[in-house]
Structure formats: structure tokens, C-alpha cells
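# Examination of the molecular architecture
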Amino acid sequence: MVNPDPAGPAEVSAEELGRRLLQRRFTARLLPQLRLLVEECAAREGLCEPRRGEFVLAVDEIAGNAVEHAGGSGRLLLRRVGDELECRISDAGPGFSEAVIPELLPGLDGATKGRGLWLARLVADRFAVAAGAPGTGMTGAVVTLAVRLR
Amino acid sequence: MSARDTGSDHLLPVQHLRPGDHAFVSYGNDEVRWEVVTAFVRLGLARGEKVLVLPCPGVPEEEVLARLDFPSRSTVSARARGQLVVSSMRELIRPDSEFTAARQMSRLGAETERATAEGYAGLRAFIDMGWVAALGTDVGAMERRETGAQALFTGRPYTEICAYDRRRFDRAVVSAMERAHPRALLERLGSLRSLRGPDGVLCFIGEADAANQDTFTRSLEIALAHTAALRRLTVDLTRLHFLSVGCTVRLLTLTRAAAGHDLVEVRCDRGQRRMLRRLGGGTVPRLVLTEVVRAW
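Just so it is clear, the model here is predicted, and its values are computed rather than measured. (Residues numbered from 1 in each chain as written. Chains lettered and ligands numbered in written order. Predicted model: local features only at pLDDT ≥ 70, side-chain atom pairs only at ≥ 80, totals over all residues.)

### Topic: the interface of chain B and chain A
Which entries qualify depends on this criterion: By the convention adopted here, residues are in contact when the distance between their C-beta atoms, placed from the backbone, does not exceed 7 Å. A run of H or I in DSSP counts as a helix once it spans at least four residues, and a run of E counts as a strand once it spans at least two, with each numbered from the N terminus. Under this grouping Gly is polar, as are all residues other than the nonpolar Ala, Val, Leu, Ile, Met, Phe, Trp, Tyr, Cys and Pro and the charged Asp, Glu, Lys and Arg.
Listed by partner, the interface residues are 27 residues for chain B and 26 residues for chain A. No other element matches helix H11 (residues 245–257) of chain B, which puts five residues into the side of chain B that touches chain A. Class assignment of the residues belonging to the side of chain B that touches chain A gives a composition of twelve nonpolar, seven polar and eight charged.

This is the structure:
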């Protein structure tokens, strides 16, 4: 069943919009529940271990980043898009670009920040960071990561 | 390096339950009570198992369904197709009215067979033990059932959680039932426990996430201090359902700094091993990763 986003532009096909699996606002307190819900959806969509665990970890790291640096909360949208499981996490913080994620893993005696996003990008088949709500003047970031199901 | 998981693994996070497990959990308030059952139901449905929920008598079915469904209504279709069934002990043993262990186990065995015949991967049941008082059953009869139910689980795709409300049962009964079950569950999602085994192994259980990072770190620091004379420490991560990047890095940096130790062995599953390596585990002297192959 296709569940198109009513806010999406009319020319975008339902297939491109994907099938919405989960939409949820979160705070730090809700992260354990969020992990459970993401794991449930990933299992239902056929994502097997160890990729499922990696996906949940990546989602948690990005959501945790939003909680820590973007005012304590964020919004998650999980969709099935073609053969991918796609997670989009948006926040209303100051925003950031992918350039802040280190190219190489920082050494254990190096910077303590950035490893979570570094690992999230590493395990994703598709990863992007964009400004929040472009054209609206709103701040924030939208992080998208996706993994292939097959 | 690999090894069989032969250690005592009585306490688990609910996400680690597998077919054949018979688990105890207790709760003490009406909010927490829903965390384990919700995880158990949702993960069971996602894994293709049939799920039977016998809530505490007196809790309205609408509340049970609303709690299981929150915040997404993913259980609605499962109920419609019969994969999720909310019932009661009274209904399970019908047309009989008196509970006997043999009668109840016979019905659950039949339900397990029916579930597999219907094409499900197995049956999982959540049983709130509030039924004991509701049916006027002798606590002794309930205890005998709990301690003598092995046949229901051995070699069968059946998983069961027995949930005890600590406000309803005597503390001694709850403690005895916790010991009587092969498994016991953490009461809350997102919780972390650390145990030191008699062999000195530091075992983490639950979810080592950002909220628990300080607890995780402190347990490691204490364990390293306690094993300074031995010059070796074993850390078991296999009962963690979640291990964050931050906790993994703390484990690596503390191991690297433990210059007085000759060896820090970390028992881990395949995914944890891969993450430890990705985050620089290969550069840490004295660190040995032992991948544990679970029996299930």
C-alpha cells in the first residue's frame, strides 16, 4: 500500500514518496522507544541482522545528535522507498553540514566528537545532510540515511 | 577467536528472548508494566510469530489495545488477521473453569501447534499473573506450574513471559518465581545493568546508550581497579541489545589506558565485534575480542 505524503508536490510520484512506516517526534527520554519502533519496522520490512542492528544504531546516533545539539528534540520519518529503508531525521537546531563529519575516524586520543555521525555515514548505503525546510527561513538540519533491503 | 555461550544468562533484555524461552518479569506501577509487553508483542509480530496476550483481569481491553498500538497502529492489522490475540486465562482453559497446570499447558501446547500449522514461526504468550487471584487459584498450584513447565518449551517454538505485579504478590513469592524461571527480564526499556560474575567477568545487560554512558564507564573503571592485581579483565557484552558509539569508544579508551593490565578480553557478538574494530579496536594493545556464538 502506498501512503503518499499529502504535503508533497503533486508531480512527485507515489513510488518516489515511498510508504510511510513511522513518524515520531522524540526527545532523549523517548530514544529507547524510538529504537524499538525502528527495529520493529526494519524487521517487518525484512532487514536482517547484522544490518538491522547497524541501521538502528545509525538512527540512534543521528537522533541523539539532534537531542544534544538541536534543542533536545527532533522528528523522525521512516519510509520504505523502493528497495530501501529510508530514515529522515529533522531538527530545529542551528543546522550543520556534512563537512563537520570527519573523513577518517578520529584516533582514540583525538577529537571526541563526530564518531557517531561518522559511523552512521559508514553503515548507510545513502547518506545526506541538508538544511531544514529550505525557503522558509527556518534553521535546522535534515539528515537522511538509507539502507538497501536486498 | 570464538566460543560457545555457556555462561549463566538468567537476566536478559526483552529483545533477546527467543523461541523456547520462559521468562519472568515484575513491575510495580501501571506505566512501566506496558514497556516489556509492548516490545514483546511488536517484535514477535515483526518476526512472524503469533502473539497471545493475557493481560491482568480488570484492565479494560480498550486500554490494552491502546497501549500496544501506541504510538503507531501497527498491531491493528495483526489483530484483524488473527496474528495477535488478546484473551484471558479463563478463556484459555474454557470450557473448564478450574485452573490446573496440566490443563493450561495442554492448551498452550495446542495453541503452539495451531500457530505453526497456520504458518507462523511460533507462538509467544504474555501472561499477567493477575489471573491467579481472579480465578481463585492457589498460589502453590501456580508455583508448581511455573517450575514444572519445561515440556512446554523444550524443542518447541514457544516463548512465554510471566509478569508479576509486585503490589499483588508477596515479596517472597515474587523472589521465588524469579529464581524459578530460566530467564528474567529487565523491567524497563533503555535500562542497563552490570553484574560481576563469580569468575570476575563484568557483564553488561540491556542498552548501553548515551543516557547510560556514565554508568557504563563507571562500571568499567571499577572493574579495572578491582582486577589491577590480576592484570586481566573479561567484559561480556553479549547480553546488550544496544551498544552506542559513545560507550564503545569509552571501552576502547579505558582499555588503552589500562597499562597495568596484560589483557582485557571482550566477549561480543558479531555486530559488536565489527563496531569495535571499526572504531579502532585493532589499535588497542592488550584488547582481545572473543566472538560468542549464541546457542539460539
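### A look at the confidence of the model for chain B
Residue and element names in this part refer to chain B. We count it as follows: A score from 0 to 100, pLDDT tells how confident the predictor is in each residue.
When pLDDT is averaged along chain B, the result is 92, and 96% of the positions lie at 70 or above. This stretch, residues 1–7, has a pLDDT under 50; its non-local contacts, to residues over four places away or in other chains, come to 14 contacts. Under the prediction, the complex receives an ipTM of 0.92, its pTM being 0.91.

### Considerations on the sheet that holds strand S4 (residues 126–131) of chain A
Residues and elements named next belong to chain A. Applicable threshold: Pairing between strands is defined by DSSP: at least two bridges between them are needed. Note on definitions: angles span 0 to 180 degrees between N-to-C directions of axes, and those axes are lines fitted to C-alpha atoms, for helices only across the stretch in contact.
One open sheet holds the five strands; their spatial order is S1-S2-S3-S5-S4, and the pairing between them is antiparallel. Looking along the sheet, the strands with just one partner apiece sit at the ends: strand S1 (19–27) and S4. Here the strands of the sheet are splayed against their neighbours by 15° on average, with no regard to which way each runs. Note that strand S3 (residues 84–90) and strand S5 (residues 141–148) share seven bridges and pair antiparallel.

### A few points about the packing of helix H2 (residues 31–44) of chain A against helix H1 (residues 33–46) of chain B
We apply this condition: When an angle is under 35 degrees it counts as roughly parallel; over 145 it counts as roughly antiparallel; between 65 and 115 it counts as roughly perpendicular; any other value is oblique. If you view the pair so one helix is near and one far, a crossing is left-handed when the near helix is turned anticlockwise from the far one by less than a right angle, and right-handed when it is turned clockwise.
Contact geometry for H2 of chain A and H1 of chain B: axes closest at 8 Å, N-to-C directions at 15°. Compared by their axis directions, H2 of chain A and H1 of chain B come out roughly parallel. Taken as a pair, H2 of chain A and H1 of chain B cross one another with a handedness that is left-handed. Residues Leu36, Glu40, Ala43 and Arg44 of chain A of H2 of chain A lie in contact with H1 of chain B, whose contacting residues are Ala39, Arg42, Leu43 and Ala46 of chain B. Here the residues of the contact of H2 of chain A with H1 of chain B sort into five nonpolar, no polar and three charged.

### Examining the sheet that holds strand S7 (residues 158–165) of chain B
All names here are of chain B. With parallel pairing, seven strands are arranged side by side in an open sheet as S2-S8-S3-S7-S6-S4-S5. The open sheet has two edge strands with one neighbour each: strand S2 (11–12) and strand S5 (84–86). Here strand S3 (residues 22–27) runs beside strand S8 (residues 183–185); their pairing, made up of two bridges, is parallel. The residue bridging Phe24 from the neighbouring strand is Ala184, located in S8. On top of the sheet, helix H5 (residues 101–117) reaches strand S4 (50–54), strand S6 (123–128) and S7; it is set at about 145° to S6, its chief contact.

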